[in-house]
Amino acid sequence: MDELMNILKELKPDVDFENEKGLIDNAILDSFDIVQLITTMKDTFDIDISPAEIVPENFNSAESLWAMIQRLQ
C-alpha cells in the first residue's frame, strides 16, 4: 500500500489520498490522470487492468485502488 500511496502522491501531491473517498466522483482525478495511474500500476505491480476494471468504484479511493491491485495480482 505504501508504494501505491507514493504513486498517488507523485501524481497529485496536493491531495489527501489517505482520507479522500471521491477521487472520481469529486473530479480530483481526470481521464489523463487515470491513464497515467493505470500505466504506472501495471508496471509497478505487474498487473493487467482490463477495461472492465476501469470503473469509478475501483478508482474513488486509495483503498479501492489497493483492493483492485490485490485482486489482480
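Scroll up to find the structure this text is about.
All of these numbers come straight from a predicted model, not from anything done at the bench. (Residues numbered from 1 in each chain as written. Predicted model: local features only at pLDDT ≥ 70, side-chain atom pairs only at ≥ 80, totals over all residues. Heavy atoms only, no water.)

Please clarify how the environment of Ile24 should be interpreted in this entry.
Position of Ile24 relative to the elements: it lies in the loop between α1 (2-11) and α2 (31-45). Relative accessible area serves as the criterion here: at 24%, Ile24 is assigned to the partly exposed category. The spatial distance from the C-alpha of Ile24 to the C-alpha of Leu37 is 13 Å, given a sequence separation of 13 residues. Not counting residues within four places of it along the chain, the set of residues in contact with Ile24 comprises Leu29, Ile34, Pro56, Phe59 and Asn60. (Helix = DSSP H or I, 4+ residues; strand = E, 2+ residues; numbered from the N terminus. Buried < 20%, exposed > 50% of the residue type's maximum accessible area, 1.4 Å probe, protein only. Contact = heavy atoms within 4.5 Å.)

What am I meant to see in α1 here?
Owing to its 3.6 residues per turn, the α-helix brings residues three or four apart onto one side. Along α1, the residues classified as buried are Leu4, Met5, Ile7 and Leu8. End-on view of α1: buried residues confined to an arc of 160°, all on one side of the axis. More than 90 degrees from the buried face of α1, the exposed residues found are Asp2 and Glu10. (Arc of directions from axis to C-beta.)

Sorry, what's going on with the nonpolar core here?
Taken as a class, soluble globular proteins show a tendency for nonpolar side chains to be buried jointly. Judged by nonpolar contacts, the single largest core of 21 residues is most densely connected at Leu4, Leu8, Leu37, Met41, Phe45, Phe59 and Leu65. For this core, the secondary-structure elements that each account for two or more residues are α1, α2 and α4 (62-72). The leading source of residues in this core is α2, at 5 residues. With residues up to four places along the chain from it excluded, the contact list for Leu37 reads Ile7, Leu8, Leu11, Leu29, Phe59 and Leu65. (Core = buried A, V, L, I, M, F, W, Y, C linked by side-chain atoms within 4.5 Å.)

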